[in-house]
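Below are the chains, spelled out letter by letter.
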Amino acid sequence: MVRALFVGRFQPLHRGHEEVIKWLLNQYEEVVVAIGSANESLTIRNPFTVGERIEMLVSTLRALNATHRVLYCSVPDTKGESALWYSYVREQCPSFDVAYTNDEFTRLCLEFGGVKVFNTPLFNRDLYSGTRIRELMANRDGRWRELVSPSVLEVLDRINAEDRVARLMKQKY
Ligand code: ATP
Ligand code: MG
């Protein structure tokens, strides 16, 4: 059995991430989703807790009927300490054979550890981007709602995500 690792922060988990997970499930028997920056929450860049991000992932996987083929774990941010970050990946993630990311820091850390790393295709990247979604939320512009799946939307509405992000962003100025 070949397992692929996919690393992201999922702030929030959007349709682009969902397309990547589906794309990986078409090629691999199992996928390990690692939720990065797990120790950060209620910040502008990382508004959602790791628990909330797990809820977004699990409700997405249920809608895809894929819970039995996806394992997940969390990895803290080590603020550039790459060897430490890689150690966390090894300790806290289920084992995997190959990894997928488009993030250069993530790629370099994994490659230093000897992992084979590939890029994923980008799915509608102009629209599906965590930064863009958080910006729309900050402006209380409901167009972000189209950029996540209904299962993620249910979680985000339950936790008043738009209000949280708007309040966090307001604090900046
Ligand atoms: P942010 O803008 O907050 O960095 P993001 O949309 O880049 O959010 P991340 O959680 O940082 O999301 O990304 C995790 C992984 O998902 C990265 O490898 C990234 O390239 C990939 N990814 C993000 N958006 C898309 C997309 N639309 N299509 C394919 N891959 C994507
Ligand atoms: Mg990113």
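An account of the accompanying structure is given in this report. (Residues numbered from 1 in each chain as written. Chains lettered and ligands numbered in written order. Predicted model: local features only at pLDDT ≥ 70, side-chain atom pairs only at ≥ 80, totals over all residues. Heavy atoms only, no water.)

1. A word on the sheet that holds strand β3 (residues 70–74)
In step 1: Sheet architecture is open: 5 strands sit in the order β3-β2-β1-β4-β5, paired in parallel fashion. Only two strands of the sheet have a single neighbouring strand rather than two, namely β3 and β5 (116–118). The average angle at which neighbouring strand axes cross in this sheet is 25°, direction not considered.
In step 2: Relative to β3, helix α2 (residues 50–63) is tilted by about 170°, and along the sheet it contacts β2 (30–35) and β3.
In step 3: Against the sheet, helix α4 (residues 104–112) contacts β1 (3–8), β4 (98–100) and β5, and its axis sits at roughly 160° relative to β5. (Pairing = 2+ DSSP bridges. Helix = DSSP H or I, 4+ residues; strand = E, 2+ residues; numbered from the N terminus. Axes fitted to C-alpha atoms, helices over the stretch in contact; angles between N-to-C directions. Contact = heavy atoms within 4.5 Å.)

2. Re the side chain of Thr-120
In step 1: Of note, Thr-120 is situated in the loop between β5 and α5 (130–138).
In step 2: Here Thr-120 falls in the buried class, since its relative accessible area comes to 8%.
In step 3: A polar contact is formed between the side chain of Thr-120 and the side chain of Asn-102, at a distance of 3.0 Å.
In step 4: Apart from the residues lying within four places of it in its own chain, the contact partners of Thr-120 are Val-20, Trp-23, Tyr-100, Thr-101 and Asn-102. (Buried < 20%, exposed > 50% of the residue type's maximum accessible area, 1.4 Å probe, protein only. Polar contact = N/O pair within 3.5 Å; in protein donor to acceptor, adjacent residues only side chain to side chain.)

3. Observations concerning the nonpolar core
In step 1: By size, the foremost hydrophobic cluster in this structure holds 35 residues, and its most contacted members are Leu-24, Phe-48, Met-137, Trp-144 and Leu-156.
In step 2: Of all elements in the fold, only β1, α1 (15–25), β2, α2, β4, α5, α6 (150–158) and α7 (161–172) reach the threshold of two or more residues within this core.
In step 3: Listed in part, the 16 residues of the second largest apolar core include Val-7, Cys-93, Leu-110 and Val-117. (Core = buried A, V, L, I, M, F, W, Y, C linked by side-chain atoms within 4.5 Å.)

4. Describing the site of ligand 1
In step 1: In the region of ligand 1, 21 residues are neighbours, and Arg-9, Phe-123, Arg-125, Thr-131 and Arg-134 sit closest.
In step 2: At a separation of 2.9 Å, an oxygen atom of ligand 1 approaches a polar backbone atom of Asn-102.
In step 3: Interatomic distance of 2.8 Å between a backbone N/O atom of Gly-130 and an oxygen atom of ligand 1.
In step 4: When ligand 1 sits alone it has 590 Å² of accessible area, and the protein chains cover 91% of it.
In step 5: Assessed atom by atom at 2 Å from the grid points, ligand 1 resides in the largest pocket.
In step 6: Mapped by element, the contributors of at least two residues to the shell around ligand 1 are β1, α1 and α5.
In step 7: When the residues that make up the shell around ligand 1 are grouped by side-chain class, the tally is 8 nonpolar, 10 polar and 3 charged. (Near = heavy atom within 4 Å. Areas by Shrake-Rupley, 256 points an atom, 1.4 Å probe, with all protein chains shown as cover. 1 Å grid on protein atoms, 1.4 Å probe; cavity = no way out; pocket = protein on both sides within 12 Å on 5 of 7 lines; lining within 4 Å. Sits in = over half its atoms within 2 Å of the grid points. Nonpolar A, V, L, I, M, F, W, Y, C, P; charged D, E, K, R; others polar.)

5. Quick notes on the pairing of β1
In step 1: Among the 6 residues that make up β1, 6 are buried, leaving the element largely enclosed by the rest of the structure.
In step 2: Neither face of β1 is open: one carries Arg-3, Leu-5 and Val-7, the other Ala-4, Phe-6 and Gly-8, and all of them are buried.
In step 3: Of the strand pairs in this sheet, β1 and β2 are connected by 6 bridges, and their pairing is parallel. Its bridge partner lying in β2, Ala-4 is registered against Val-31.

6. Let's talk about the pairing of β2
In step 1: With respect to burial, β2 is a largely interior element, 6 of its 6 residues being buried.
In step 2: The side-chain alternation of β2 yields two buried faces, one formed by Glu-30, Val-32 and Ala-34 and the other by Val-31, Val-33 and Ile-35.
In step 3: Once the chain exits β1 it traverses α1 before rejoining the sheet at β2, and the crossover so formed is right-handed.
In step 4: Both β2 and β3 contribute to a ladder of 5 bridges, which runs parallel. (Right-handed = clockwise from strand over helix to strand, strands pointing away.)

7. Considerations on α2
In step 1: For α2, built from 14 residues, the straight-helix expectation of 20 Å at 1.5 Å per residue is met to within 8% by its first-to-last C-alpha distance of 20 Å.
In step 2: Looking only at α2, the buried set comprises Glu-52, Arg-53, Met-56, Leu-57, Val-58, Ser-59, Thr-60 and Leu-61.
In step 3: Positive backbone phi, approximately 55°, marks Asn-65, located one or two places after α2. (Expected span 1.5 Å × (residues − 1).)

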